[in-house]
Structure formats: structure tokens, C-alpha cells
Amino acid sequence: MSALGRSSMRRSESLGEIDAGLYSRQLYVLGHEAMRRLAKTAVLVSGMKGLGVEIAKNIILAGVKSVTVHDPGNTQWSDLSSQFFLSESDVGRNRAVASQQRLAELNSYVPVTAYTRELSESFLAAFQVVVLSNSPLEEQLRISDICHARSIRFVLADTKGLAGQLFCDFGENFVVDEPSEADPVCAYVQHISQEPLRASLAKPKIKAMDDRGHSLHLAFRALHTFTAEMGRLPRPRVQADAERLLELAQGLTTHQELLDEGLVRTFAHVSAGDLSPMAALLGGLAAQEVLKAASGKFLPLAQWLYFDALECLPEQGTTLLTEESCAPRGSRYDGQIAVFGADFQERLGRQKYFVVGAGAIGCELLKNFAMIGLAAGEGGSVTVTDMDTIERSNLSRQLLFRLRDVGVSGKLKSETAAAAVRRMNPTTRVTAQPHHVGPDTETLYGDDFFMALDGVTNALDSMQARAYVDSLCIRYLKPLLDSGTEGTKGHVQVVVPHLTQPFGSPLDLTESAVPLCTLRHFPSTIEHTLQWARDEFDGLFKVPAENVNKFLEDPAFLEVQRTTQDLEGVRSSLQEKPCSWQDCVRWARQRWESLYRHTILNLLHAFPPGHETSPGVPFWAGPKRCPRPLEFDCDNSTHMEYIMAAASLFAQTHRLQVPRDRAAARETLRAMAMPPFQLEVAVRIPVTEEEMEEVPAGVDEEQLAALRQELAERRQALLEVGCGSTHLMEPIHFEKDDDSNGHVDFIMAASNLRAANYGIAPADWHKSKRVAGRIVPAIATTTAAVAGLACLELYKLVWGHQDLGSYCNSFLQLAEPLLTRFHPLSPLATYKYGQKTWSCWHRVEVPGIGAHGEELTLQELLDQLQGVHGLPVRTVLCGVTILYASFWAKQKREAQLARRLTQLVGGPPGAAWPPPRILVLDLVCEDQQDDDVLPPVHVWLPCG
């Protein structure tokens, strides 16, 4: 059996029944043992309105043993505002039956059945976890008592309009194995005892207990009494119903001062509503508690959590909501109209939004957009762009994709997601595009596109890409909703023009890099050796092949290429071309000897074990680990894994089809005689990053010229005999999601050998894949919750809220569980020119066309800025290009000032200004009073 086959078998055996290809991102959150426990847990979810289907969706994607969905009721119009697996044709059908098939399509490993009868004690006995949503108090108490007595984990969740509650009772003997999301440093077992619902109602333990949580607890209890008394929920904006609910809540407490009466009245006004963002948020929170109950991973909620987003209602004095405006219309949006009114629903339909990214967060956002009716009316539009295609690992958290979408050539995430949300809500006007958003796509996403938008949502992994989108939102004064997740952690930031800080700057968001000298010579953690191995992969199997192909196909390659290293790499690749599997094995063995023995011996010669940086201060101390050279051993599994993986990839780069025979490799290795070690006495080893950055010695032009001549003659000879094409190579691009390609096998072996050099504990295959592939741990529960929080902020943006205090940034960590919301900060770097305050959101608009129909010269522009706006300009920039600077020589300044703006920004000579166009310039000005240089001012020149 080949090395790749053996490693694949070992991975399969270690995973048991877990499908690592499907659950790879979730495995990095929960771990294998927790995933195995999930696969043994049967779950009942009762209540198939919006919240119930969210919970069921999340735990089905997570991979529990089975899910039974229960609901005795039939679909109503108001359900369609949040229940994404129901359609208009399902109105009148049983909710559980209508949802079952679509839920079952989410994960072929999880059987989903529908149940519509009463939940008897004998029926409940078949489940390890029971979830109730949208159920009356009597039913909650009855089911809770049964579950507590039988040690069945019990979760209660509910949303009413803009408020939600969550309760957990995992019994008296529940055990938590890993309470934290961090990698455990030791075995950790914690026993959790919880009271049943009946006892906890009167003496609630509320997460982050405060007056608001206490008032919501009483409001939900009073709501049950009101519903039992009236046979219905309080009617939207009916004052008598609100006062009755308040009276019932007052009767439940002896501490009237702890009851927020205004909160209870507002809760009554919206309690008939059913909102998709609230279902998404509470559904993510509740589903994570189900996963805790099933796996013993992370601390469960103890015991109540309350949440409200009543600040999403219109700001004081702006819009008056009435009983008439919130009355049902027989519409799929009735559950939302009950909260916000019919006029707001029309406003949502007219919105034009840009969704950047159609991955996990993007799918959840689009689903919520379809439910709330964003861009579902005349003039509305949602544009979603993503250049990625669908992979199998996406399916465990991206609800709009199915197994049938994987492997289809060119099946884009954006197109598939758009088609899926149109099925959820056929009136949603969504357009899919296959582009990334960056400087090279500004012709697509430029002035006309952004000026027409009402807002932008980021659903991106890259911090730099997110910052770039933010810069466009600043430029065009568009609100931005930015969301991100990592494991059970998530965040939402809302950016509002003139009101909040922007998302950030690329300098703030640059991810810290490991110093190069650490990677090359002084690794101290397995992450260092994995990064080194990842660089080694590209340096052996990607870059040389690309350079050889350029050399053979592009006659100008030798003239353009300026480094002897790359040219020597081309020469080596041509000389090393293998003819057999044995040649590949010999190459891998020589590489092994160079990396893990000779390089270390050279390092130890320069810095022996007892070396001191100064008298009494050892060189090998602190993070510097003193290495040891390795001795090759055919019987060492890691040594052989490196040989097999490296030889296989080397053969692939040279397009050599050979049997990857482990036995033949051993024979070749035993017959090899390695040349003795030769010390490299002239090599200088830098020990600090500063030394690494020192300017190297100048290029040896004579040596470079000779190398070019040699390679030019070699290419000519190959072309003359018609062998040029046979020397073309296959560059190998690292692919983390194909477990059979040997890429991660090579990196794991290369990294662990280097770790052995330095006495570092090795990494298993899964950690090697995560670090080398820069895989962000992900799980559907966090994604759903984050998307819900983002869409709550969207409501405020559509209302046009102007109070900074009504917006909320959010941070959540479902492992604890923790949900923190805080108000955004005002824009940073506010400053004054004269009496006017400026920030990154402010700009000056100056017509680019003068009074006589001609475009402005730079001098005319500066005159307007000084005379009309009082801006003494020191420097003018367009992007990073300096168009004018006061410190230039007089002749240069005068020549530049006389030029027209199109000439300055690169327009062709004599060309007319191309309308419509907006030129954005940045001015560096000086304060007239103290001559300080202040931050840039943006100048817009709208023309045409």
C-alpha cells in the first residue's frame, strides 16, 4: 500500500464514523470525541415556526444522530415571515410535515421525521435532548417535569416580536468534559446541577441578571397568563391589551421597583410579531445549547437568558405606529408588519443592498433578507458576489447549498445562493455575480454602482478585503454591516456615515507574521514549523515549476528575472528531471538530508550548544531552542512519510506517472550512499529580524550574465530538438480540502521532522491541516446568530436612525454563553479647520466643470477650496499619487497648477471629461492658526 493510502486509512480509523470532509471546519470547534457523542444523540424539536426550524436546521447541519420535528398546528400566513422552509402553498398544511423534507435535505447523515400528535412520556423517552418552542406554559411545565425525572436534557426557547428567552435544564448529574473553547491543557470534568423549569420560574437564575432581564422574565410569564385568558396574543399597538399584560406582570412580583413598566408595555405591543432575525439569533443560541447537551462540550447556560432589541423600533418622534398600520394584511410579512407596520415593509422592499461574499455568513444573511422582504418590492435589489465554487466542506454550515451542488463544474456560490433564496421568497430581487471586490474590479463596482446602493454587508474572511469594502463605503457614504465568526465566537459591527467609526484601516488589521529568522533558524512552537513546512511546499513544488514554464515559454524571462536564486532554481529543476520512481525517491532522500541534518549541523557550527551572546548569557535560551541533527531511519514512520509524500509530489511536478511503491522506495533508500557532510564556512546566519532585513550584497552581474547565457543556450538546444514541451512542469497549488492529494501529508511530515530537530511536540494530521490551510474553525450556530444580530441593525439603517445610542455592535461567544452589545463610538480623528469640525466622513463637493463649461485646472480648484471653503491646501493626492505639493520647486508647481484635472489623473490629452464621473481627491491642509498639518480632507468633483 502507498504512503498516501496508509495515511488516509489512519485518518479514517481515527475518525470512526465521522465524515471529516463534510465536518472539517466544525471538527476544529468541537473535536472528534464531541462529534462522536453528537452522532449518538436523538433530538426532538417541538414547534416548527421560525425559531423551531432555525434550531432544527442548525443541529441537523451539526450532525446529531436524528431529529424529530413536532408541531400539531398548521401553517399560517404570518409564519412565512421567518419560517424559510415553508411557502405560500403550505398555508393550511401541518408545519412539521411541510418542513420535514427540506430539513432532511440538509444532511444525509441525519434522519428527519415529522410528528404531529401529543408528546407523551413514552414518546419522549426515545430522545436524549428535547427542545420546546412556541408552546404554552402548561405544556412547558409538563414536558420539563418528564425530562428532569428521566435525565433527558431540556431546552426551552421562544421569541415574541423583538424579545426572546432561552432556558436550559440538563438535569442533576450533567457532566461537562471541556468547558472552554481553548485547547485543554489537561483533562477537565465539571458536574453541573440544574433545577427544573417549575422551580426556576419563581426563582430565576438569569444570565447577566439586571432589571431588564427580570422585567422580561415577568413579561413572558404574564404573556402565558394573558394568552390563556384571552385565547390570543396581545394585539399590536392596542393600549388596552398592553395595560392588561402590565397588570398581570405586576401581579407576579412583590418588588414593583424592579419592573420596567415601559418595557412591558412595548413588549406587549410587539409580542404578536415573528421576526426572522430574532429567530436566527435565538435559534443559534438554543442550538448551541443542544450541542452542549449532546456532547458535554462547553459550559451550558445557567439557566435563563433574555434578549431584546426594542431599539429597532422607530426613534422617538419619527414614525407613529398604530393598530391600523400593524394589522395583518394576509401577507407573508404579517409577522413583521405586526412589529414595524405596513409602510416600513414597503420601505424594506425598495432597498438596494450589496452582499460581498456568499459563504456561511452570506448564506444566512441572504436567507434573512428573503424572509424580511428586503428588495422584494418595486425598485429593490440585492446584488451578491462571490468568485468561489461550492466545496463539500461548505455543506455543514452553509444552508443554501446541497450535496448535488458539489463537484458541478463552475457551480458558483453566488449563483446557487441566489437561486435558493428566490425559492424561499420568489419576489426577492437578487442578482448573482462571480467577482471579488478589489481595486481591479472598480470598473464593475465603481461610482454608478455604489451611488445607487442603500447599504453594504460584508461576509468575508479576509480582514484586508473587509477593510477595502469599508473604504468604499466611506468614499460613497454608504452604511456597512460587517460580520465575522471564528468557532463559537462572532461579532457584528455597524458602520453609519457621519455617526460611527469606520470599520478600520489596513494597518490596524494586518495579521501579525512570524519573524522570518524564527521560521528559518529558531522555531519554538509547532505553528512555526508548520508555517515553515507550508513555505517549503511552495518553494519545492510550485515556484520552481512556474519559473521553468515561464523560462521555456517566454523569451523575455531571462532578461526580466533579476535574481540568481530563481535562475539557479530553473537550472536545478532542468537538471533534476526524474525518469523513474527511484529518481524521485533519491531526490526526496537528499532533500531530507539537507534539511534535517546538514542545515542543523551548519547552525550548530555557527552557534554551538554552549555559545554565549555575552559572558554568562547563553545564546540557546528563552525561545531559542538548541537543535539536534536527525539520523535517517527507514523504519521511522515519519521519515518514510516525508520520503513518500515528497517523492510523489516531485514526480507530479515533472508530470511523471510512476507507481508510488513504498517497498521499492525502501530498497532504493537502503542502496543509497549519502555524501559526507561538508561545512558551509562562508554562510552568514542572521539571528534577528533586523539582520534579516539588512540590504544584501549587490548582484554579481558577471555571474548573473553567465547564468543567463547558460540557460539561453539550454533553451535553444531544447527547442531545436523539439523537447521544450516535454520539460514543461506542473506547478502544484496547495489544496487543503482534498485529503487524498498528499499535500497535508507532506506538510505534516516536514513540520514534525523539523519539530523533532528542535524538541517541539509534533502535530497530528488535523492540526497540521488547520494551521497550514489557515482554516478558520466554523459552526452553523455561530453563523446563524451573527447573521441575526446583523439584520437587527439593518432594521435601524432602513428606519434611518440618527441616534448613536440606538445602534449596537455585538460580540458573542456561544461556548460560555456570552452575548455583549455595546454602542458604536463616534468617528475618530475629528479635527477643525477654523470653526468647522471634520472627520473621515466629511468631504467638500466642488463642480469639476467651470462656469464656461470647461473642466477646472488644478489652480482653479485650489482657488475655490481656499476662497469658498477656507482650506489652505498643502498637498493634493489621488489615491497614492501626489498631484501637487507645496514643497515642490516653483517651476514644477506652476506647471502642475496650469493642468486640467483629466490630465492630472491620467486622462488622454485633449479628452473631454467623461460624464458621469466622480473624482475623489485627498487634501492635506494646514491650520491657518497654528500651522499644524491636519489629516486629509476628501474632495468630490461630481461632473456630468
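Residues numbered from 1 in each chain as written. Predicted model: local features only at pLDDT ≥ 70, side-chain atom pairs only at ≥ 80, totals over all residues. Heavy atoms only, no water.

Focus: the sheet that holds strand β13 (residues 455–458)
Now for step 1: Strand order in this open sheet of eight strands is β12-β11-β10-β13-β14-β15-β18-β19, and the pairing throughout is mixed. The sheet is open, and its two borders are formed by β12 (430–433) and β19 (818–822), each paired with just one other strand. Across the sheet, the axes of successive neighbouring strands diverge by a mean angle of 10°, strand direction being ignored.
Now for step 2: Pairing analysis gives five bridges linking strand β18 (residues 809–813) to β19, with the strands arranged antiparallel. Directly across from Q813, in β19, lies its bridge partner L818.
Now for step 3: Packed onto the sheet, helix α16 (residues 413–424) meets β11 (381–385) and β12 and runs at close to 165° relative to β12. (Pairing = 2+ DSSP bridges. Helix = DSSP H or I, 4+ residues; strand = E, 2+ residues; numbered from the N terminus. Axes fitted to C-alpha atoms, helices over the stretch in contact; angles between N-to-C directions. Contact = heavy atoms within 4.5 Å.)

Considering the packing of aromatic side chains
Now for step 1: Within this structure, the stated rule accounts for 38 aromatic pairs.
Now for step 2: On the numbers, 6.5 Å between centres and 40° between planes, the contact of Y23 with Y109 is tilted. A residue pair is termed long-range when its members are at least 10 positions apart, and Y23 in helix α2 (residues 20–30) and Y109 in the loop between α5 (95–104) and β3 (112–115) qualify at 86 residues.
Now for step 3: For Y109, a relative accessible area of 43% gives the class partly exposed.
Now for step 4: A ring pair is formed by F537 and F541, whose centres lie 5.5 Å apart and whose planes are at 75°; its orientation type is edge-to-face. One end of the pair is F537 and the other is F541, both in helix α21 (residues 526–541) and four residues apart, which spans about a single turn. Note on accessibility: F537 and F541 belong to one class, buried.
Now for step 5: Through successive ring pairs, a cluster of aromatic residues spans W532, F537, F541, W587, W592, Y596, F632, Y642, F650, F734 and F746. (Phe/Tyr/Trp six-rings, centres within 6.5 Å; stacked < 30°, edge-to-face > 60°. Buried < 20%, exposed > 50% of the residue type's maximum accessible area, 1.4 Å probe, protein only.)

What about the environment of E631?
Now for step 1: If you trace the backbone, E631 turns up in the loop between β17 (617–618) and α26 (637–653).
Now for step 2: Separated by 538 residues in sequence, E631 and R93 have C-alpha atoms that sit 72 Å apart.
Now for step 3: For E631, the residues in contact, after removing those within four places along its chain, are W592, R597 and H639.
Now for step 4: Only 2.8 Å separates the side chain of E631 from the side chain of R597, close enough to count as a polar contact. (Polar contact = N/O pair within 3.5 Å; in protein donor to acceptor, adjacent residues only side chain to side chain.)

A look at the sheet that holds strand β5 (residues 153–160)
Now for step 1: The mixed open sheet is built from seven strands, whose spatial order is β3-β2-β1-β4-β5-β6-β9. With partners counted over all chains shown, the strands left at the sheet margins are β3 and β9 (304–308), one partner each. Strand-to-strand twist of the sheet, defined as the mean angle between neighbouring strand axes without regard to direction, takes the value 15°.
Now for step 2: Lying over the sheet, α5 contacts β2 (66–70) and β3, oriented at roughly 175° with respect to β3.
Now for step 3: On the sheet, helix α12 (residues 276–295) packs against β1 (42–46), β4 (129–133), β5, β6 (163–169) and β9 and is oriented at approximately 5° with respect to β6.

Points about the pairing of strand β15 (residues 489–495)
Now for step 1: Most of β15 is tucked away: five of the seven residues are buried.
Now for step 2: Note: strand β14 (residues 480–486) against β15, seven bridges, orientation antiparallel. Bridge pairing in β15 links L481 to V494.
Now for step 3: Following β14, the chain reverses through two residues before pairing antiparallel with β15; G487 in that reversal takes a positive phi of roughly 65°.

Re the pattern of salt bridges
Now for step 1: What the rule picks out here adds up to 46 salt bridges.
Now for step 2: Across the pair R244 and E229 runs a salt bridge whose closest N-O atoms are separated by 2.7 Å. A residue pair is termed long-range when its members are at least 10 positions apart, and R244 in helix α10 (residues 239–250) and E229 in helix α9 (residues 211–230) qualify at 15 residues.
Now for step 3: The class of R244 is partly exposed, set by a relative accessible area of 25%.
Now for step 4: Measuring nitrogen to oxygen at the nearest pair gives 2.9 Å for the salt bridge that ties R591 to E536. Taken as a pair, R591 in helix α25 (residues 581–606) and E536 in helix α21 lie far apart in primary sequence, 55 residues in all.
Now for step 5: On the accessibility criterion, E536 (10% relative accessible area) is buried. (Salt bridge = Lys/Arg side-chain N within 4 Å of Asp/Glu carboxyl O.)

A short note on the nonpolar core
Now for step 1: Of all hydrophobic cores here, the largest spans 159 residues; its most connected members are L103, L162, F340 and L400.
Now for step 2: A per-element tally of this core places helix α32 (residues 780–799) first, with 13 residues.
Now for step 3: Residues within four places of L103 in sequence aside, it is in contact with M48, V53, A56, K57, I60, V69, F85 and V112.
Now for step 4: Counting residues in hydrophobic clusters, the runner-up holds 59 residues, among them C584, A588, M672 and A755. (Core = buried A, V, L, I, M, F, W, Y, C linked by side-chain atoms within 4.5 Å.)

As for the confidence of the model for the chain
Regions with low pLDDT carry predicted coordinates that are not meant to be interpreted in detail.
Now for step 1: When pLDDT is averaged across the chain, the result is 88; 90% of the residues are at 70 or more.
Now for step 2: A low-confidence stretch, residues 505–511 (pLDDT under 50), is modelled with nine contacts involving residues beyond four sequence positions or located in other chains.
Now for step 3: Overall, residues 907–916 carries pLDDT values under 50, and its contacts beyond four positions in sequence, including any with other chains, amount to 14 contacts. (pLDDT = per-residue confidence, 0-100.)

Points about α32
Now for step 1: Given a rise of 1.5 Å per residue, 20 residues ought to cover 28 Å, and the 29 Å separating the end C-alpha atoms of α32 matches this to within 8%.
Now for step 2: Within α32, 20 of the 20 residues are buried, which leaves the element mostly enclosed by the surrounding structure.
Now for step 3: Directly after α32, the chain includes G800, whose backbone phi takes a positive value near 85°. (Expected span 1.5 Å × (residues − 1).)

What to know about a negative patch on the surface
Now for step 1: Taken together, the side chains of D211, E257, D260 and E261 make up a negatively charged region of the molecular surface.
Now for step 2: When its relative accessible area of 59% is taken as the criterion, E257 is described as exposed. (Patch = residues over 30% accessible without salt bridge, like charges linked within 9 Å, V, L, I, M, F, W, Y side chains within 5 Å. Areas by Shrake-Rupley, 256 points an atom, 1.4 Å probe, with all protein chains shown as cover. Lys, Arg positive; Asp, Glu negative; His and termini not counted. Charge placed at Lys NZ, Arg CZ, Asp CG, Glu CD.)

Things to note about a nonpolar patch on the surface
Now for step 1: On the surface, F677, L679 and V681 cluster together into a nonpolar patch covering about 260 Å² of accessible area.
Now for step 2: Tracing the chain through its elements places L679 in the loop between α27 (662–671) and α28 (689–693).
Now for step 3: According to the relative accessible area criterion, L679 is partly exposed, its value standing at 34%.

Description of the environment of E378
Now for step 1: Structurally, the position occupied by E378 is in the loop between α15 (360–372) and β11.
Now for step 2: Spatially, the C-alpha atoms of E378 and I59 are 37 Å apart, while their sequence positions differ by 319 residues.
Now for step 3: Among residues more than four places away in sequence, those in contact with E378 are G349, R350 and R429.

Looking at the side chain of T416
Now for step 1: With respect to the secondary-structure elements, T416 resides in helix α16.
Now for step 2: Those residues in contact with T416 that lie beyond four places of it in its chain are I390, L400, F401, D405 and K411.

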